[in-house]
Amino acid sequence: SIKVLARGMTIGSGVLLDRQDRVYTVITNAHVIQSSAAPFQIQTPDGQIYAVVLIAPPTGHNRDLSILRFQSVDRNYNTAKLAADRPKIGDRVWSSGFPLADVASLPENLLQNPDSEAATGLSIADGQVTHILPTALTGGYNIGSDNAVKKGMGGGPLVDRQGNLVGINGVHADPLWEIAETLENGATVGGELQEQIDNFSWAIPIEFVKEYV
């Protein structure tokens, strides 16, 4: 996981997906980028901060994905290993990312710097796949899990036992807003499915990520 920042403040998470020469491609959620305004930056695991040199907007099915690119002249970073297929119901999976700090609950000595590592450190949640929807929710979400994904972990990776990227996190359980109400085919969500959506975390499957990239 890496941090996505806007004007120096963490706004979400992302995944280092690819490198061509010295240009790195990062995948994150479109809603992470839409939640703030430029200039955007990427903070890598070694603490370095890079200016985003390209933002690719959503395309195709309006899936909740966005590409960012940055250049590193003198540092090498590992990129994600992509799974060949999506996971199956019951498979163990891990989510990671950087939860946004609840400033009201921070100790007084952190209030001056709510973006510090102590306030927004890397979080890793494990669980299992609970749903694979035959038709994705709006935004491309169709992998449900009981992982404790938190706000701010959107755009971070969902990985399998081998550490392969199987999806991109984006919707956490019990959201206060941005609750999916339709499927990608335009059908309205309701009843039992809506309750399941509310009670689980959701990720965009790796095949949708590959299509977008």
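Above this text is the structure in question.
From a predicted model like this one, the values you see are computed outputs, not experimental measurements. (Residues numbered from 1 in each chain as written. Predicted model: local features only at pLDDT ≥ 70, side-chain atom pairs only at ≥ 80, totals over all residues. Heavy atoms only, no water.)

Participant: What is the right way to read the layout of surface pockets from this model?
Facilitator: Rolling a probe over the atoms, with the probe sized like a water molecule, indicates the empty space that remains. Of the voids in this model, the second largest pocket is the one considered here, and its volume is about 360 Å³. If you trace the second largest pocket, you find 19 residues lining it, with Ser1, Val15, Ala80, Pro157 and Val159 closest to the centre. For the lining of the second largest pocket, the secondary structure elements donating two or more residues are β2 (9-20), β8 (92-97) and β11 (157-159). It is β2 that contributes the most residues to the lining of the second largest pocket, 3 residues altogether. Looking at the lining of the second largest pocket, its residues break down into 12 nonpolar, 6 polar and 1 charged. (1 Å grid on protein atoms, 1.4 Å probe; cavity = no way out; pocket = protein on both sides within 12 Å on 5 of 7 lines; lining within 4 Å. Points joined across faces, edges and corners; volume = space filled by probe spheres on them. Helix = DSSP H or I, 4+ residues; strand = E, 2+ residues; numbered from the N terminus. Nonpolar A, V, L, I, M, F, W, Y, C, P; charged D, E, K, R; others polar.)

Participant: What is the right way to read the environment of Leu193 from this model?
Facilitator: As for its position among the elements, Leu193 is in helix α2 (residues 191-199). Separated by 60 residues in the primary sequence, Leu193 and Leu133 place their C-alpha atoms 9.9 Å from one another. Ignoring any residue separated from it by four or fewer positions in sequence, one finds Leu193 in contact with Leu133 and Leu183. (Contact = heavy atoms within 4.5 Å.)

Participant: Before we go on, may I ask you to explain the packing of aromatic side chains in this structure?
Facilitator: Describing an aromatic ring pair means giving the distance of the ring centres and the angle of the ring planes. According to the stated counting rule, one finds 4 aromatic pairs in the structure shown. When the ring of Tyr24 is compared with that of Phe70, the centres are 5.2 Å apart and the planes differ by 10°; the resulting orientation is stacked. One end of the pair, Tyr24, is in strand β3 (residues 23-28); the other, Phe70, is in strand β7 (residues 66-71), and 46 residues separate them in sequence. Taking the relative accessible area as the measure of exposure, Tyr24 reaches 0% and is therefore buried. We classify Phe70 as buried; its relative accessible area is 0%. Relative to Tyr77, the ring of Tyr50 has its centre 6.1 Å away and its plane inclined at 80°; by these criteria the two rings are edge-to-face. (Phe/Tyr/Trp six-rings, centres within 6.5 Å; stacked < 30°, edge-to-face > 60°. Buried < 20%, exposed > 50% of the residue type's maximum accessible area, 1.4 Å probe, protein only.)

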